[in-house]
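Secondary and tertiary structure notes
Here's the letter readout for the chains.
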Amino acid sequence: MKINEVRELSTQDLVERLEGAMANLQQLKMNHAITPLENPMQIKMVRKDIARMKTELRQRELNK
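This write-up is about the structure you can find in this document. For clarity, every value in this text was computed on a predicted model and none was experimentally measured. (Residues numbered from 1 in each chain as written. Predicted model: local features only at pLDDT ≥ 70, side-chain atom pairs only at ≥ 80, totals over all residues. Heavy atoms only, no water.)

What about the overall build of the chain?
A count of helical and extended segments in the chain gives 3 helices and 0 strands. Its helices and strands taken in sequence order, the chain reads α-α-α from the N to the C terminus. For the C-alpha atoms alone, the extent of the chain along its principal axes is close to 45 × 15 × 15 Å. Here the chain holds 64 residues, and 25% of them are scored as buried. Total accessible area computed for the chain in this model is approximately 5,000 Å², and 51% of it derives from carbon and sulfur atoms. Of the side-chain charges in the chain, 12 are positive and 9 negative, and the distance between the mean point of each set is 8 Å. (Helix = DSSP H or I, 4+ residues; strand = E, 2+ residues; numbered from the N terminus. Buried < 20%, exposed > 50% of the residue type's maximum accessible area, 1.4 Å probe, protein only. Areas by Shrake-Rupley, 256 points an atom, 1.4 Å probe, with all protein chains shown as cover. Lys, Arg positive; Asp, Glu negative; His and termini not counted. Charge placed at Lys NZ, Arg CZ, Asp CG, Glu CD.)

Written out as structure tokens, the structure is:
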């Protein structure tokens, strides 16, 4: 997910996607611990998406 896509989302949508991404990250980590993932870079990409979403939420909070 690009930063432009994140900025276009409403705050409620952003929170929902953040929760989904965090759950996805936990699932990926658990699956990777049991059997190695075919593409372990997925974990890194999801972590970066989470960071982008959290950054945007924080910016919106500070700009109020």
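Points about the nonpolar core
Membership of the largest hydrophobic core comes to 13 residues, with the highest contact counts inside it found for Leu14, Ile50 and Met53. Those elements that provide at least two residues to this core are helix H2 (11–34) and helix H3 (41–62). (Core = buried A, V, L, I, M, F, W, Y, C linked by side-chain atoms within 4.5 Å.)

Comments concerning the pattern of salt bridges
Applying the stated rule across the entire model yields 4 salt bridges. Its salt-bridge partner being Arg52, residue Asp49 comes within 2.9 Å of it at the nearest N-O pair. Of this pair, Asp49 and Arg52 both sit in helix H3, 3 residues apart, which is roughly one turn of that helix. In this structure, the salt-bridge partner of Glu61 is Arg58, at a minimum N-O distance of 2.7 Å. Here Arg58 and Glu61 lie together in helix H3, a separation of 3 residues that amounts to about one turn. Overall, the relative accessible area of 43% leaves Arg58 in the partly exposed class. (Salt bridge = Lys/Arg side-chain N within 4 Å of Asp/Glu carboxyl O.)

Looking at the environment of Met45
Turning to its location among the elements, Met45 is positioned in helix H3. Under the relative-accessibility criterion, Met45 is labelled partly exposed at 47%. With 44 residues separating them in the primary sequence, Met45 and Met1 have C-alpha atoms 8.9 Å apart.

Observations regarding the packing of H2 against H3
Here H2 crosses H3 at 155 degrees, and the two axes come no closer than 9 Å. In terms of axis orientation, H2 runs roughly antiparallel to H3. Seen from above, H2 lies across H3 with left-handed handedness. Contact residues: H2 offers Thr11, Leu14, Val15, Arg17, Leu18, Ala21, Met22, Asn24, Leu25, Leu28 and His32, while H3 offers Gln42, Ile43, Val46, Arg47, Ile50, Met53, Lys54, Glu56, Leu57 and Arg60. Looking at side-chain class alone, the contact of H2 with H3 contains 12 nonpolar, 4 polar and 5 charged residues. (Axes fitted to C-alpha atoms, helices over the stretch in contact; angles between N-to-C directions. Parallel < 35°, antiparallel > 145°, perpendicular 65-115°, else oblique. Left-handed = near helix turned anticlockwise from the far one by under 90°. Contact = heavy atoms within 4.5 Å. Nonpolar A, V, L, I, M, F, W, Y, C, P; charged D, E, K, R; others polar.)

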